[in-house]
Amino acid sequence: MEGSQATPPPMSHSRSWSQWLAATADTAAAAIAAFPVLGVAAMAAWSAFSFIRDVIVARWIHGQHIEAALTSAMFVLLLTMFVWSYSMVVVTSPGHPITKDVESASSTSSQPNAIIGRGDCESEPTLQNFSSGDDLGQVTVQAEVEAMMMESNEGVSLPLQVKRDGTRRFCHKCSRFKPDRSHHCSTCRTCVLKMDHHCPWINNCVGHRNYKFFYLFLLYTLLYCLFIFFTMLRQFLQAMSAMTDSNNTEPVFLPSVNLNWLMLVLLAFVFGVVLTAFLTIHTILLCTNKTTIEALEGPGYLRREDSQSPGRRAGSNRTHIYDVGMRENWRQVMGSRWSDWFVPVHSTLGDGESFPINWKAYRE
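Residues numbered from 1 in each chain as written. Predicted model: local features only at pLDDT ≥ 70, side-chain atom pairs only at ≥ 80, totals over all residues. Heavy atoms only, no water.

*Asks:* How should I be thinking about the packing of helix 6 (residues 259-288) against helix 8 (residues 326-334) in this particular structure?
*Replies:* Helix packing geometry: the angle between the two helix axes and the distance between the axes. It is the contact of helix 6 with helix 8, at a shortest axis distance of 6 Å, that shows an interaxial angle of 105°. In terms of axis orientation, helix 6 runs roughly perpendicular to helix 8. On helix 8, the residues that touch Leu-286, Cys-287 and Thr-288 of helix 6 are Met-326, Asn-329, Trp-330, Val-333 and Met-334. A class-by-class count of the residues in the contact of helix 6 with helix 8 yields 6 nonpolar, 2 polar and no charged. (Axes fitted to C-alpha atoms, helices over the stretch in contact; angles between N-to-C directions. Helix = DSSP H or I, 4+ residues; strand = E, 2+ residues; numbered from the N terminus. Parallel < 35°, antiparallel > 145°, perpendicular 65-115°, else oblique. Contact = heavy atoms within 4.5 Å. Nonpolar A, V, L, I, M, F, W, Y, C, P; charged D, E, K, R; others polar.)

Below you can see the structure in the form of structure tokens.
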């Protein structure tokens, strides 16, 4: 009928079927990704039950009340910190770049010799280059960046990490600009601020906002495993020593060495060895202000002081451009107050998009 609006054709069965398959695949992938988290929770519950039954309750029954009380206090403390830090790293977002207005940013970047400031908003300074014919053409980007550093203690407003040709890094999958140290995670399907790695054991990325929780998770899990291993091993060795002592007239408490007991001791030892290696690596990374990606690949291409030139490959990895000293590196992740360092609470400094710079390393 004339003047009537044409109705869209009904959705084809093939399209509906493909959408249903895609939704089903996403649901199945999410369920599978949750298995490691459920596995860690089950392991924690089993280890706690076994330790309480085979060590704490057994000592209390055999009259070792003081030792049972002290063991209980230390065990509850380590278990609480382990579960607390693990829960925080699982539920805390690593941080994602704020979505930018791509069209307005693109129009700005299309201007001759223009460089887009990191914030791309009125509240943050934006640096514009000048054409070669301008009277201010001799002003370098480096001078402008250092001037902004004088005004802001949080870091620079101009991204230093660029593509090979010197242009700003852009994620075509997320349709947004990448701040320094951010990367796209193919598993999470989004860009992550100061991305370290994607960890299947937490079903989450480790990045700017939850790296502290990840580090404390490694620390307290290691202490938890070592405490279980050495406590149960000491109990067993003491019992065996008393049994072989011919002068001993007191009753000997020998723990029930069954398959459950052996599995707990063995897993505590294996996880203790593995976590010692992981904690050592991440302690070095934390104190040198590197992520796992940066340790393997380096900071990539950096903006030249002469902004007219392409990006330059970063120099030797012996000096990192974000390494501003061990103390300041530690404070950036763990917080400015020492009372917050080993407690799983939010205390990480910065916004994850700008960072203090080691200008000596940058100029190398």
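Next, the rest of the story.
*Asks:* Is there a simple way to explain the state of the cysteines in this structure?
*Replies:* When the sulfur atoms of two cysteines share a covalent bond, that bond is a disulfide. A full pass over the atoms with the stated rule returns 0 disulfides. Here Cys-171 stays unpaired: no disulfide links it, and the sulfur of Cys-191, its closest cysteine neighbor, is 3.5 Å away. Classification of Cys-171 by relative accessible area gives buried; the value is 4%. Here Cys-199 stays free of any disulfide, with the sulfur of Cys-205 as its closest cysteine sulfur at 9.6 Å. Given a relative accessible area of 8%, Cys-199 falls into the buried group. (Disulfide = S-S within 2.5 Å. Buried < 20%, exposed > 50% of the residue type's maximum accessible area, 1.4 Å probe, protein only.)

*Asks:* Looking at this model, I keep getting lost on the packing of aromatic side chains. Mind explaining?
*Replies:* Both the distance between ring centres and the angle between the ring planes are used here to describe each pair of aromatic rings. In this structure the tally under the stated criterion is 15 aromatic pairs. Relative to Phe-177, the ring of Phe-170 lies with its centre 5.2 Å away and its plane at 75°, an arrangement referred to as edge-to-face. Here the aromatic rings of Phe-229 and Phe-230 are separated by 5.1 Å at their centres, their planes lie at 75°, and the arrangement is edge-to-face. Given the relative accessible area of 13%, Phe-229 is considered buried. Of the aromatic side chains, those joined through ring pairs into one cluster are Phe-51, Phe-75, Phe-82, Tyr-86, Phe-217, Tyr-224 and Phe-227. One residue, Arg-181, lies across the ring of Tyr-322, its end atom 4.2 Å from the ring centre. Across the ring face of Phe-355, the terminal group of Arg-181 is positioned such that the distance to the ring centre comes to 4.8 Å. (Phe/Tyr/Trp six-rings, centres within 6.5 Å; stacked < 30°, edge-to-face > 60°. Lys NZ or Arg CZ within 6 Å of the ring centre and 35° of its normal.)

*Asks:* Teacher, can you tell me more about the layout of surface pockets here?
*Replies:* Over the atoms, a rolling probe the size of a water molecule traces out where space has been left empty. Looking at the largest pocket, its volume works out to about 610 Å³. Lining the largest pocket are 26 residues, and of these Val-40, Phe-217, Thr-221, Phe-271 and Leu-275 sit closest to its centre. Elements represented by at least two residues in the lining of the largest pocket include exactly helix 1 (13-61), strand 6 (197-199), helix 5 (211-244) and helix 6. Per element, the largest residue contribution to the lining of the largest pocket is 8 residues, and it comes from helix 6. Class assignment of the residues belonging to the lining of the largest pocket gives a composition of 21 nonpolar, 5 polar and no charged. (1 Å grid on protein atoms, 1.4 Å probe; cavity = no way out; pocket = protein on both sides within 12 Å on 5 of 7 lines; lining within 4 Å. Points joined across faces, edges and corners; volume = space filled by probe spheres on them.)

*Asks:* Would you mind showing me how to read unusual backbone geometry here?
*Replies:* What you tend to see is this: most non-glycine residues have negative phi, and most peptide bonds are trans. Even without being glycine, Ser-175 reaches a positive phi, approximately 55°. Looking at the secondary structure, you find Ser-175 in the loop between strand 2 (170-171) and strand 3 (176-177). Residue classification places Ser-175 among the partly exposed residues on the basis of a relative accessible area of 37%. With phi around 45°, Lys-194 is a residue other than glycine that occupies positive phi space. Position of Lys-194 relative to the elements: it lies in the loop between strand 5 (190-192) and strand 6. For Lys-194, a relative accessible area of 12% corresponds to the buried category.

*Asks:* Sorry, what's going on with the nonpolar core here?
*Replies:* Most often, soluble globular proteins have nonpolar side chains that are buried together. With 46 residues, the main nonpolar core has Phe-51, Phe-75, Phe-82, Phe-214, Tyr-224, Ile-228 and Met-232 as its most contacted residues. Going through the elements one at a time, helix 1, helix 2 (65-91), helix 5, helix 6 and helix 8 are the ones with two or more residues in this core. No other element matches helix 5, which puts 16 residues into this core. If sequence neighbours within four positions are ignored, Phe-75 has contacts with Ala-48, Phe-51, Ile-52, Ile-56, Tyr-224, Phe-227 and Ile-228. (Core = buried A, V, L, I, M, F, W, Y, C linked by side-chain atoms within 4.5 Å.)

*Asks:* Just checking my understanding: could you explain the confidence of the model for the protein for this structure?
*Replies:* Detailed reading of the predicted model is not advised wherever pLDDT is low. Looking at the protein as a whole, the pLDDT averages 77, with 69% of positions reaching at least 70. The element-level mean pLDDT for the protein is lowest in helix 4 (residues 141-151), coming to 40, with helix 8 highest at 96. Throughout residues 101-156 the model reports pLDDT below 50, and contacts reaching past four residues in sequence, or to other chains, amount to 94 contacts. (pLDDT = per-residue confidence, 0-100.)

*Asks:* Just to check I follow, could you spell out helix 8 for this structure?
*Replies:* Counting along an α-helix, one turn takes 3.6 residues, and residues three or four places apart therefore face a common direction. Every buried residue of helix 8 is listed here: Asn-329, Trp-330, Gln-332, Val-333 and Met-334. Where helix 8 terminates, the next one or two residues include Gly-335, which has phi positive at roughly 110°.

*Asks:* Can you help me understand helix 6 in this one?
*Replies:* For helix 6, which comprises 30 residues, the first-to-last C-alpha distance of 43 Å matches the rise-based estimate of 44 Å (1.5 Å per residue) to within 8%. Within helix 6 the residues assigned to the buried category are Trp-261, Leu-264, Val-265, Ala-268, Gly-272, Leu-275, Leu-279, His-282, Leu-285, Leu-286 and Cys-287. Just downstream of helix 6, Asn-289 is the residue with a positive phi angle, here 60°. (Expected span 1.5 Å × (residues − 1).)

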